[in-house]
Amino acid sequence: MKKQLDENPIFPEQYELFEKKLAGGPITRRSFFKRMGAGIASYIVVSDLLAGPFAESFSEGEDEDTIAAWIHVNEAGKITCYTGKVEVGQNIRTSLAQVVAEELFVQVEDIHFIMGDTLLTPYDRGTFGSLTTPQMAPKLRKAAASVRELLIATAAKEWNIGSTSLQMEQGIVFHPTNGEKLSYAQLANGKKLAQRVNKEVHVVPVEEWKIAGTSVPKVNGKSYITGRHVYVSDLVLPDMQYGKVLRPPYLNAKLKTLDTSEAEKVKGVKVVQEGDFVGVTAPDSTTAKMALAMISAEWERKQQPSRKQLFSHLKENANNQPDKKPNVEEAFAKGAKKVTSSFHVDYIAHSPLEPRAGVAEWNKGELNVWTGTQRPFGVQEELEREFGIAKEKIRVRMPDTGSGYGGKHTGEAGVEAAKLARAIGKPVKVNWTREEEFMWAYCRPAGLIEVRGAVDNNGKLVAWEMFNYNSGGAGLESPYDVPAKHQQFISSDTPLRQGSYRALASTANVFAIESVMNDLALEQGKDPMKFRMEHLSDERLKRVLKETASKFGWEEEKRPNRGFGLACGFVKGGYVATCAEVHVDPDTKELKVLRLVTGFECGAIINPRHLKSQVLGCVLQGLGGALFEAIDFDNGQILNPAFSSYRVPRFKDIPETEVLLVNRPDLPPAGAGEAPIIGVAPAIRNAIQDVTGERINSLPLVPSGKIMT
Amino acid sequence: MKINVNGKSHTIKVSANPTLLEVLREQLELTGTKYGCGEAACGACKVMLDGTPVPACITPAVSAQGKEITTIEGLEKDGKLHPVQEAFLEEDVFQCAYCASGMIVSAVALLERNANPSRDQIIEAMNGNICRCCTYPQIMEAIDKAKSRKA
């Protein structure tokens, strides 16, 4: 008879570790230890994560018994954590290892992480939404503590004593009286123990943290600065061919005519065609590139909206109409001062420095794919659909990758490599070019945002209305107190392919909210900081705003032609405020962002240096979308698909920066890779207004570098 | 054709007129040098040709004949990191680190030309290198550290 795991006390000899079928094959207790080797393990199931914050991010009916992570100590004492989360530069490989090392009384170097491998790691929906730290970190902490309990109980059994008095240090358990000791290797030797995480397990209190909470450097840091780390684009398999895919010059084009005869004549080149999918392979990428250029094709161009029509297109093709709420209308009628504004937010590109890359190999009907994706299990499903083979026959691996920012939720390059590899019967690598990345990946959604706000004669915010067309509902709800409000996301027809981007629509929505709040303050001749504080009741946000403004010197006198601006908000448990100082040349109208001060609070801090790096990275990447980034397109053609024409922040663009981290050891940690981006654009916009009086209501704010009036 | 990379001579195939980047990565298995844009606009592929930082992605391999090529793999000598690598490691600069090789090679080339560059000179020299994670302030700190050690 199979027994439920959590009914079992310690040493559950008769359990079935993974009763449910997992992606990557049903893992039974026997196959688990066969795969991992004997040892001692603790695991987390999905329902353990459901109890935590952000439970709503799981879809209904998700298998609650699906294993979500585990930690295993093998017979050599090696500690390995398995999680489907992936490393794309957030340095979670480091922060999660810190949390585990802390509980197991070992060093960070003693913790090994296997991440994002559909065969070896448990199912995971993906690494996005700032969920790794709030969900995975606290649970891995408990899983590690549970492993510690198992190790201690094993030692106690060995010595035939009670477990309460046992001490452990650096991977060794000490006998309380006779000086004997047992290493984790000795304890795990010959064992096949696994237990579900003990929810009530004692964890090391945050105040006693020695490893977590400190600036441990990036795990494997040396391999990156020596060029040794193997990204997917670097991977080489025996007899591997280099693949290229034929792209139309326009989006949504249909293949009309095709002539591959010249390309086929090139030695070593194979041409693959499946409907509109045309690709070539060659023994080296130089030849593949050349062969691709030798293909002649004509494409049928489809009429489609251009950037000029973007915002009217989004409004005219809306899938619903804005609802008007009677109570909000009434409140507006009573308002003394009103602001009504429309905001335009352009499409921008993630442009991760490592373009999409995929390597695929078929072996007796089984498919192996390596690709840089934030959703390896999602890519496994893409491949399942594409090739109609069972998931169990598909293994997707995700080596630590050259960033994503929300832009790598898909597996295009992996799918293309697999198609080509199947056709030619050899492994294939497909590395996208920068132009492909700009044209064929997806963008941060463009948006049209309409906002109305009103204050009464006492300066009290009385009515608020906000409609977001297309860019998304994240961050749509204003954090400010107002008795009558209505906000609505209205989906529309998007001319360009769009998807997730760091902080989703919060960047756009907070830009609109913080701009209108600023305008409302100025309409009344009020200080924008005071006006905000009067309407905030969230203590965490108030604190971070106050401390940031104070660090920035909000009250201080400004030098000529300089302006101050601020903005604040919260995303997924991260509270942020940004203050900006800008200079606008009175003659040339040229803008210079001089200083950005960002305050951030996301609960307990696990790694201060890496947290600061994430905050700064968000702020400075956000500078691009705030000031100059925009995808330009005309009737299906992307007009700036290159770094020479699509400007991203560089050394010269970087202002003086300061980061203020507010540590709250009393609160669970939240993610930091998203929230700090939201304040940049509105803080700069408001600072520009402070100098020039101009209200700029579009992102990017100053694509030409000059304030246009 | 023969080229000299990191102090070693290699025979390479050039009949298809490959770029230096393609030769390094595919023929010599030196994958530390990265592709980022293919138009010399991002710096991910920077290598040194006789000490000058050049974008390998637009440099024809044949043009490197007779020159001393140094890649990221050639900076470490006898298992000892180059002082600039050392500084980048200590400053724990990177997030995804895909730009790391190009950044470090550019910084090494700068400090070899000018042992004590000003802040503006550093920015000028490094402006062709993109870090999409925007770890620019940390990179500046690492270069400052390497510089002060050299001085």
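The rules behind the values
Counting starts from 1 at the beginning of each chain's written sequence and moves along it residue by residue. As they are written, the chains are lettered A onward and the ligands numbered 1 onward, keeping that order. Per-residue local features of the predicted model are confined to residues with pLDDT of at least 70, and side-chain atom pairs are confined, for both listing and counting, to 80 or more; whole-chain, interface and lining totals are unaffected and use all residues. Side-chain calculation: all heavy atoms of the structure are included, whereas hydrogens and water are not. Every angle, taken between N-to-C directions, lies between 0 and 180 degrees, and every axis is a line fitted to C-alpha atoms, over only the stretch in contact when it is a helix. Numbering of helices and strands starts at the N terminus; helices are DSSP runs of H or I of at least 4 residues and strands are runs of E of at least 2. Each angle is binned into one of four classes, with values under 35 degrees roughly parallel, values over 145 roughly antiparallel, values of 65 to 115 roughly perpendicular, and all other values oblique. Rotating anticlockwise by less than a right angle from the far helix to the near helix defines a left-handed crossing, while the corresponding clockwise rotation defines a right-handed one. Contacts between residues were defined by any pair of non-hydrogen atoms, one from each residue, lying within 4.5 Å. When residues are sorted by character, Ala, Val, Leu, Ile, Met, Phe, Trp, Tyr, Cys and Pro go into the nonpolar class, Asp, Glu, Lys and Arg into the charged class, and all the rest, Gly among them, into the polar class. For every domain, the bounds stem from an assignment made automatically or drawn from a database. Accessible area, probed at 1.4 Å, shrinks when two parts are joined; the buried area is that loss added up over both. Note: two strands are recorded as paired if DSSP finds a minimum of 2 bridges between them. Whenever Lys or Arg places a side-chain nitrogen within 4 Å of a carboxyl oxygen from Asp or Glu, that contact is recorded as a salt bridge. What qualifies as a polar contact is a pair of N or O atoms within 3.5 Å, subject to a donor-acceptor requirement within protein and to the restriction that residues adjacent in sequence count only when both atoms come from side chains. Partly exposed describes any residue whose relative accessible area lies between the buried limit of under 20% and the exposed limit of over 50%, with all areas from a 1.4 Å probe on protein chains only and scaled to the type maximum. Starting at the helix axis, one direction is taken to each C-beta atom, and the arc is that of these directions. Remark: nonpolar core denotes a set of buried residues (Ala, Val, Leu, Ile, Met, Phe, Trp, Tyr, Cys) joined through side-chain atoms within 4.5 Å.

Undergrad: What should I look at first to understand the packing of helix α17 (residues 608-627) of chain A against helix α18 (residues 680-692) of chain A in this one?
TA: Helix-helix packing: each pair is described by the crossing angle between the helix axes and the interaxial distance. Residues and elements named next belong to chain A. At a minimum axis distance of 8 Å, the contact between α17 and α18 shows a crossing angle of 55 degrees. Considering their axes alone, α17 and α18 lie oblique with respect to each other. α18 is crossed by α17, and the crossing has right-handed handedness. Mapping the contact onto sequence places V619, G622, L623, A626 and L627 in α17 and V680, A681 and I684 in α18. Among the residues making up the contact of α17 with α18, the classes are represented as seven nonpolar, one polar and no charged.

Undergrad: What am I meant to see in the domain arrangement of chain B here?
TA: Interfaces are frequently sized by the accessible area removed from exposure as the parts join. Residues and elements named next belong to chain B. Here chain B is partitioned into domain 1 (2-74) and domain 2 (83-150). Using only C-alpha atoms to locate each centre, domain 1 and domain 2 end up separated by 20 Å. At the junction of the two partners, domain 1 supplies 14 residues and domain 2 supplies 14 residues. Interface of domain 1 and domain 2: buried area, both sides summed, is about 1100 Å²; carbon and sulfur atoms make up 59% of it. Counting the surface domain 1 buries against domain 2, the share from its top three residues, K46, M48 and I72, is 44%.

Undergrad: Whenever I open this one, the sheet that holds strand β26 (residues 591-601) of chain A confuses me. Can you help?
TA: Each strand in a sheet pairs with another by means of backbone hydrogen bonds, the pair being arranged parallel or else antiparallel. All names here are of chain A. If you walk across this open sheet you meet the four strands as β24-β25-β26-β29, and the pairing is mixed. Two strands close off the open sheet at either side, each with one partner strand: β24 (562-571) and β29 (656-662). Adjacent strand axes in the sheet meet at a mean angle of 15 degrees, parallel and antiparallel pairs treated alike. Taken together, the ten bridges between β24 and strand β25 (residues 574-584) define a ladder with antiparallel strand orientation. Looking across to β25, one finds that A567 is bridged to T578. Of the strands in this sheet, β24, β25 and β26 are in contact with α18, which crosses β24 at around 155 degrees.

Undergrad: What should I look at first to understand the interface of chain A and chain B in this one?
TA: Listed per partner, the contact involves 59 residues of chain A and 54 residues of chain B. Here chain A packs against chain B, burying approximately 4400 Å² in sum over the two surfaces, 54% of which is carbon and sulfur. Our count for the contact surface shared by chain A and chain B stands at five salt bridges. Between E76 of chain B and R228 of chain A there is a salt bridge; the shortest N-O distance is 3.2 Å. On inspection of chain A and its partner chain B, the count reaches 34 residue pairs in polar contact (both at pLDDT 80 or more). Here the side of chain A that touches chain B takes eight residues from α17 of chain A, the largest share from any one element.

Undergrad: Please clarify how helix α10 (residues 326-334) of chain A should be interpreted in this entry.
TA: The periodicity of an α-helix, 3.6 residues per turn, causes residues three or four positions apart to be oriented the same way. Residue and element names in this part refer to chain A. Those residues of α10 that sit buried are V328, A331 and F332. Relative to the axis of α10, the buried residues are bounded by an arc of 100 degrees and lie together on one face. Of the residues in α10, the exposed ones pointing more than 90 degrees away from the buried face are P326, E330, A333 and K334.

Undergrad: Would you explain the pairing of strand β4 (residues 52-55) of chain B in this entry?
TA: All names here are of chain B. Taken together, the four bridges between strand β3 (residues 46-49) and β4 define a ladder with antiparallel strand orientation. In the sheet register, L49 faces β4, and the bridge partner there is T52. Connecting β3 to the next strand, β4, in antiparallel fashion are two residues, including D50 with a positive phi near 50 degrees.

Undergrad: Any chance you could explain unusual backbone geometry here in plain terms?
TA: Trans is the common state for peptide bonds, and a negative phi is the common state for residues other than glycine. Residues and elements named next belong to chain A. Across the junction of L699 and P700, the peptide omega takes the value 5 degrees, indicating a cis bond. In this fold, P700 is placed in the segment after β30 (698-699). Residues other than glycine seldom take positive phi values, yet S130 does so here, at roughly 55 degrees. Residue S130 is classed as buried on the basis of its relative accessible area of 12%.

Undergrad: Explanation requested: the sheet that holds strand β23 (residues 484-490) of chain A in the structure shown.
TA: Spatially, β23-β22-β21-β14-β30 (chain A) is the arrangement adopted by the five strands of the open sheet, whose pairing is mixed. Strands with a single pairing partner mark the edges of an open sheet, and in this sheet they are β23 and β30 of chain A.

Undergrad: Looking at this structure, I do not really get the pairing of strand β8 (residues 192-196) of chain A. What am I missing?
TA: Looking down a regular strand, the side chains alternate between one sheet face and the other. Residue and element names in this part refer to chain A. The buried fraction of β8 amounts to four of the five residues, a majority that puts the element mostly inside the structure. Examined bridge by bridge, strand β1 (residues 39-45) and β8 share five bridges and lie parallel to one another. The partner of S42 across the bridge, within β8, is Q195.

Undergrad: Can you help me understand the environment of L536 of chain A in this one?
TA: Residue and element names in this part refer to chain A. On the secondary structure map, L536 appears in the loop between α15 (528-534) and α16 (539-552). Taking the C-alpha atoms as reference points, L536 and R307, separated by 229 residues in sequence, lie 37 Å from one another. For L536, the residues in contact, after removing those within four places along its chain, are P479, Y480, D481, L541, K542, L545 and C568.

Undergrad: I tried to follow the domain arrangement of chain A on my own but got confused; where do I start?
TA: Residue and element names in this part refer to chain A. Domains assigned within chain A are domain 1 (5-216), domain 2 (238-301 + 357-434) and domain 3 (317-347 + 443-699). Surface buried jointly by domain 1 and domain 2 totals about 1600 Å² across both partners, of which 56% is contributed by carbon and sulfur atoms. Counting the surface domain 1 buries against domain 2, the share from its top three residues, V86, V88 and T118, is 32%. Where domain 1 meets domain 2, there are two salt bridges. R395 is the salt-bridge partner of D117, the closest N and O atoms lying 2.7 Å from each other. Taken together, the links from domain 1 to domain 2 amount to seven residue pairs in polar contact (both at pLDDT 80 or more). Within the side of domain 1 that touches domain 2, the residues separate by chemical class into eleven nonpolar, nine polar and six charged.

Undergrad: What's the story with the nonpolar core in this structure? I'm lost.
TA: Burial of nonpolar side chains together is a common tendency in soluble globular proteins. Of all hydrophobic cores here, the largest spans 173 residues; its most connected members are I684 of chain A together with F88 and F94 of chain B. Residues contacting I684 of chain A, with those up to four places away along its chain left out, are A580, V582, V593, L596, L623, L627 and L701 of chain A. Formed by 48 residues, the second largest nonpolar core is a distinct cluster that contains A69, L104, F113 and V216 of chain A.

Undergrad: Please explain the pattern of salt bridges as it appears in this structure.
TA: A side chain with one charge may pair with a side chain of the opposite charge, provided their charged atoms come close. All names here are of chain A. Per the counting criterion, the structure on display carries 46 salt bridges over all chains. The partner of R664 in a salt bridge is D666, with the nearest N and O atoms 2.9 Å apart. Each of the salt bridges in this network shares a partner with another, and the network as a whole consists of K324, E329, R452 and E465.

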